[in-house]
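In case you want the letters, here they are:
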Amino acid sequence: QVQLVESGGGLVQPGGSLELSCAASGFSFRSYAMSWFRQAPGKERELVAAVSSGGQSTTYASSVKDRFTISRDNAKNTVYLQMTSLKPEDTAVYYCSRRSAASVWATRSDYWGQGTQVTVSS
């Protein structure tokens, strides 16, 4: 069965950094684009970043483009989200998801992890 397990969330001060990890299993990891979404209290879930199946292409939300980096290690079946210069508005539950195809332009996610909480507060 498809399984996505996020880790690395926690409490960090504004301006700080965190790296999230997503361990994937139960499917051909290298065949699918992967993504990170986030959802803050009272807000809609939003796409943060996505990476193509081979890691050669990435896309980011405008709000995080110069601060976050998505990457993947296909040998380890793991996706990462390196977050720097964190702001209070980055506070959210962050979810790892599998996209429906290999491209960053895949139109939907079909599997989701349980999420990991990121709180940015002084």
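(A) The arrangement of the pattern of salt bridges in detail. On inspection of all chains with the given rule, the structure shows four salt bridges. A salt bridge links Arg-38 to Glu-46; the shortest N-O distance between them is 2.7 Å. Here Arg-38 falls in the buried class, since its relative accessible area comes to 6%. As a salt-bridge pair, Asp-110 and Arg-98 come within 2.9 Å of each other at their nearest N and O atoms. In this pair, Asp-110 is assigned in strand E10 (residues 109–112) and Arg-98 in strand E9 (residues 92–99), connecting sequence segments 12 residues apart.

(B) Structural view of the packing of aromatic side chains. Across all of its chains, the model carries three aromatic pairs by this definition. Each ring, one from Phe-27 and one from Tyr-32, has its centre 5.7 Å from the other, and the planes form 80 degrees; the classification is edge-to-face. Through a chain of ring-to-ring contacts, the aromatic side chains of Phe-27, Phe-29 and Tyr-32 assemble into a single cluster. Over the aromatic face of Trp-112 sits the side chain of Arg-45, whose NZ or CZ is 4.7 Å from the ring centroid. For Arg-98, the ring lying beneath its charged end belongs to Tyr-32, and the centroid distance is 3.8 Å.

About the cut-offs
Residues numbered from 1 in each chain as written. Predicted model: local features only at pLDDT ≥ 70, side-chain atom pairs only at ≥ 80, totals over all residues. Heavy atoms only, no water. Salt bridge = Lys/Arg side-chain N within 4 Å of Asp/Glu carboxyl O. Buried < 20%, exposed > 50% of the residue type's maximum accessible area, 1.4 Å probe, protein only. Helix = DSSP H or I, 4+ residues; strand = E, 2+ residues; numbered from the N terminus. Phe/Tyr/Trp six-rings, centres within 6.5 Å; stacked < 30°, edge-to-face > 60°. Lys NZ or Arg CZ within 6 Å of the ring centre and 35° of its normal.

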